[in-house]
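# Notes for the structure review
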Amino acid sequence: MNAVSGDTEALTAYREAGHDAVRLLVAFKALPERHPSRAALRDRAITAWTPLARHLANRYHGRGEPLDDLVQTAMVGLIKAVDRFDPERGTDFTGFAIPTIVGEIRRHFRDRTWDVRVPRRLQELRIAISDANSTLAHRLGRSPTVADIAAHLELTEEEVLEGLEGARAYKSASLSAPVGSEDSGTTLGESMGGEDHGFELADVRMTIGAALEVLTARERRIVMLRFYGNQTQTEIAEQVGISQMHVSRLLAKALGKLRDRLAEE
């Protein structure tokens, strides 16, 4: 939707009651660059046109951004419009300022409010789809389809779907957000799956189980008691009926066999 046509109300109000604002702007532009009164007159002209910036900022309120931030952004657009405006071109200031201010606000949404950075093309496409959706819903009296939006924007349905998919990055959900009823106390983060190390352990157990076959029955028993039973070499020696030093030699021999077998695999 064209920004100027979408603000007929604002245009009318400023054409009828903004004579002082227009006069200040023209007077500011008429002064030479180094004139001592130019800076003060510029400030007065910006102040006089501030209601227009606030009006346009209010149009975009309720889209997830604080109104104060939108007003500040609109004021940046207004200042740019005041500084760039050339009365000699015969253009009405409102017709020049509104697209400038709206463009600044849209850049704010495009560049600062995305939780996940996506290409600028998709950011601009999201805005175009949003505007088209509002326009077509009013015109058709129903929610527009992907085909309706594609025809309105002169795009393919695949491009519209790509824009809708990219729009999901606009706002992310907090992992602390409640899920289900408020009384449940369950958060989104608690409902999400995590990394399961059990699969890795299962693979390791299968590999080691096959490798243990190269050991003798006594070597296998010593390894199991040491690493699965978490027993000391002295405790193992008592159970097996040999010296602790003999257990140490057998354990070292068994581990060497296992390393060789695992290296082969």
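Quick note: structure is the one above.
Residues numbered from 1 in each chain as written. Predicted model: local features only at pLDDT ≥ 70, side-chain atom pairs only at ≥ 80, totals over all residues. Heavy atoms only, no water.

Below, the discussion takes up the overall build of the protein. Counting secondary structure elements, the protein contains 13 helices and zero strands. Its helices and strands in sequence order give the protein the pattern α-α-α-α-α-α-α-α-α-α-α-α-α, from N to C terminus. Among the 265 residues that make up the protein, the fraction classed as buried is 31%. In the protein, once contacts between residues fewer than 6 apart in sequence are set aside, the share between residues at least 24 apart is 55%. Carbon and sulfur atoms form 52% of the exposed surface of the protein, whose accessible area is close to 16,800 Å². (Helix = DSSP H or I, 4+ residues; strand = E, 2+ residues; numbered from the N terminus. Buried < 20%, exposed > 50% of the residue type's maximum accessible area, 1.4 Å probe, protein only. Contact = heavy atoms within 4.5 Å. Areas by Shrake-Rupley, 256 points an atom, 1.4 Å probe, with all protein chains shown as cover.)

Turning to the nonpolar core, a few remarks are in order. Leu25, Leu78, Phe93, Ile101 and Ile105 are the most contacted members of the largest nonpolar core, which totals 28 residues. Listed by contribution, the elements that provide at least two residues to this core are helix 2 (19–30), helix 3 (38–59), helix 4 (67–84) and helix 5 (93–112). In terms of residue count, the dominant contributor to this core is helix 3 (eight residues). In contact with phenylalanine 93, other than residues within four places in its own chain, are Leu25, Trp49, Leu78, Ala81, Val82 and Phe85. Membership of the second largest hydrophobic core comes to 15 residues, among which are Ile222, Val223, Ile236 and Ala237. (Core = buried A, V, L, I, M, F, W, Y, C linked by side-chain atoms within 4.5 Å.)

Remember that the coordinates give geometry; whether it matters functionally is a separate question.
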